[in-house]
Amino acid sequence: GSWRKIRVSRPEVHVYRLPGQDVINKALEEFLPTLRAPLIGKAEIDRHVELAKGLYLTLLGPVLSQIRDKHHIVIVPDDILYYLPFEALIATDEGPNESTDSLTSQAYLGKMYDFSYAPSASVLVTLERIAAGKGSARHSLLAFRDPALQSSPAPAQVALSTRGAYEEMGVAFERLPYSAEEVRGVAAAYEIKPDSGSIYLGSKATKKTLMGLDLTQYRILHFATHAVMGDQVKWINQPALILSPDLTGEPDDGLLKMSEIFNL
């Protein structure tokens with residue numbers, strides 16, 4: 001079916017019709033792989049640039065005159081558009097088939113705008129209220145870092161273990177060697193000591209611990225750990241953060257799934 005683009009600004013709302021979803025899906029299926037691997041040779045670079053410019057005209061073409069004087073764009077995507085970093089699109093007034101000499105010379109949107117992403121308009125409104133100081137948070141930061149990741153389970157446990165299901169498919173969960181340093185740096189920016197009660201390290205960084213906290217008391221939630229996409233294992237079908245196993249015996253005791261996040 002057809003997709004619509006809705007542009008909201010104070011105090012106006014504009015609606016634009018985009019090409020059919022199948023057209024956009026096809027363009028993204030061709031473009032996204034060019035972001036996931038190094039581009040080797042002029043032909044691959046030219047193809048990437050051509051697709052990036054084409055998507056720019058398709059998705060933002062109807063609003064070009066309205067965003068040229070803006071600096072911050074908020075995207076509320078849908079369906080496969082969740083996979084698209086709009087920063088990687090390339091601005092052009094010449095059309096999508098202009099050749100290129102180098103990637104560094106291209107007008108990537110990430111050079112021109114600050115982008116933010118929101119899952120829905122209601123979440124965006126809530127975030128704006130918090131930014132305006134209407135939230136109830138008493139603490140600056142809650143951080144989970146460097147979870148204690150176990151090795152793959154025994155073969156007999158693989159069928160029962162969500163973690164094992166990922167590892168069976170080659171998605172390994174090894175320690176992230178610099179995640180502790182990452183959180184220490186963030187904590188220092190907020191003048192929080194690394195041994196603060198709001199920073200959970202290693203085996204303390206469990207889902208059970210997180211579920212027992214009043215998250216409304218923290219302004220920023222920082223997770224320095226692995227994450228997986230929902231389409232990597234079809235029978236799970238939702239994104240998840242990987243935390244330390246809490247040894248409850250549950251198959252997914254270290255997996256914080258999107259459906260659980262929605263209920264927090």
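Above: the structure in question.
Residues numbered from 1 in each chain as written. Predicted model: local features only at pLDDT ≥ 70, side-chain atom pairs only at ≥ 80, totals over all residues. Heavy atoms only, no water.

Trainee: So, the packing of helix α1 (residues 21-31) against helix α3 (residues 41-60): which residues are in play, and what are the values?
Mentor: The geometry of α1 relative to α3 is characterised by a closest axis approach of 10 Å and an angle of 150° between their N-to-C directions. If you check the angle between α1 and α3, you find them roughly antiparallel. Read as a crossing pair, α1 and α3 show a hand that is left-handed. Residue-level contacts link Ile24, Ala27, Leu28, Glu30 and Phe31 of α1 to Arg47, His48, Leu51, Ala52, Leu55 and Leu59 of α3. Of the residues belonging to the contact of α1 with α3, the class tally is eight nonpolar, one polar and two charged. (Axes fitted to C-alpha atoms, helices over the stretch in contact; angles between N-to-C directions. Helix = DSSP H or I, 4+ residues; strand = E, 2+ residues; numbered from the N terminus. Parallel < 35°, antiparallel > 145°, perpendicular 65-115°, else oblique. Left-handed = near helix turned anticlockwise from the far one by under 90°. Contact = heavy atoms within 4.5 Å. Nonpolar A, V, L, I, M, F, W, Y, C, P; charged D, E, K, R; others polar.)

Trainee: So what about the sheet that holds strand β10 (residues 255-257)? Which residues, and what values?
Mentor: If you trace the three strands from one edge of the open sheet to the other, you get β8-β9-β10, paired in antiparallel fashion. The open sheet is flanked by β8 (227-228) and β10, the only strands paired with a single partner. Both β8 and strand β9 (residues 240-242) contribute to a ladder of two bridges, which runs antiparallel. What sits directly across from Val228, in β9, is Ala240. (Pairing = 2+ DSSP bridges.)

Trainee: For the nonpolar core, give the residues involved together with the corresponding values.
Mentor: With 31 residues, the main nonpolar core has Leu28, Phe31, Leu59, Leu84, Leu89 and Leu109 as its most contacted residues. For this core, the secondary-structure elements that each account for two or more residues are β2 (12-20), α1, α3, α4 (64-67) and β3 (72-75). Broken down by element, the residue count for this core peaks at eight residues, all from α3. In contact with Leu89, other than residues within four places in its own chain, are Phe31, Ala52, Leu55, Tyr56, Leu59, Leu84, Ala107, Tyr108 and Leu109. Of all hydrophobic cores here, the second largest spans ten residues; its members include Leu142, Leu210, Leu215 and Leu243. (Core = buried A, V, L, I, M, F, W, Y, C linked by side-chain atoms within 4.5 Å. Buried < 20%, exposed > 50% of the residue type's maximum accessible area, 1.4 Å probe, protein only.)

Trainee: Could you give an account of the sheet that holds strand β5 (residues 139-145), with specific residues and numbers?
Mentor: Strand order in the open sheet made by the three strands is β6-β5-β7, with parallel pairing throughout. Each end of this open sheet is capped by a strand with a single partner; those strands are β6 (199-201) and β7 (218-224). If you compare each strand with its neighbour and ignore which way they point, the axes differ by 10° on average. Taken together, the six bridges between β5 and β7 define a ladder with parallel strand orientation. Within β7, the position partnered with Phe144 by the bridge is Phe223. This element, helix α9 (residues 179-189), spans β5, β6 and β7 of the sheet and lies at about 175° to β5.

Trainee: Can you explain α3? Please cite residues and give values.
Mentor: Between its first and last C-alpha, α3 extends 28 Å over 20 residues, near the 28 Å set by a 1.5 Å rise per residue. Where α3 is concerned, the buried positions are Ile45, His48, Val49, Leu51, Ala52, Lys53, Gly54, Leu55, Tyr56, Leu59 and Leu60. (Expected span 1.5 Å × (residues − 1).)

Trainee: Give a detailed account of the environment of Val183, specifying residues and quantitative values.
Mentor: Examined against the element boundaries, Val183 turns out to sit in helix α9. Each C-alpha atom, one on Val183 and one on Ala143, is 7.0 Å from the other, the two residues being 40 residues apart in sequence. With residues up to four places along the chain from it excluded, the contact list for Val183 reads Ala143, Arg145, Ile199, His222 and Ala224.

Trainee: Please set out α1 residue by residue, giving values where relevant.
Mentor: Of all the residues in α1, the buried ones are Ile24, Asn25, Leu28 and Phe31. The arc that holds the buried residues of α1, viewed along the axis, is 135°, so those residues lie on one side. Exposed and oriented more than 90 degrees from the buried face of α1 are Asp22, Lys26 and Glu29. (Arc of directions from axis to C-beta.)

Trainee: Tell me about the packing of aromatic side chains, residues and numbers included.
Mentor: In this structure the tally under the stated criterion is six aromatic pairs. Aromatic side chains Phe86 and Tyr117 sit 6.5 Å apart centroid to centroid with 50° between the ring planes, which places their arrangement in the tilted category. With a gap of 31 residues between them, Phe86 in the loop between β3 and α5 (109-112) and Tyr117 in strand β4 (residues 114-117) connect regions that are remote in the sequence. When the centroid spacing of 5.1 Å and the interplanar angle of 20° are considered together, the rings of Phe144 and Tyr200 count as stacked. You can see Phe144 sitting in strand β5 and its partner Tyr200 sitting in strand β6, a full 56 residues away along the chain. (Phe/Tyr/Trp six-rings, centres within 6.5 Å; stacked < 30°, edge-to-face > 60°.)

Trainee: Summarise the pattern of salt bridges; cite the residues concerned and give the values.
Mentor: In the structure shown here, the tally under the stated rule is seven salt bridges. Close ionic contact of Glu181 with Arg184 constitutes a salt bridge, the shortest N to O distance being 3.6 Å. Note that Glu181 and Arg184 are positioned in helix α9 at a spacing of three residues, about one turn of the helix. Salt bridges sharing partners connect three or more residues here, namely Lys26, Glu30, Arg47 and Glu50. (Salt bridge = Lys/Arg side-chain N within 4 Å of Asp/Glu carboxyl O.)

None of the figures reported here should be taken as evidence of function without further support.
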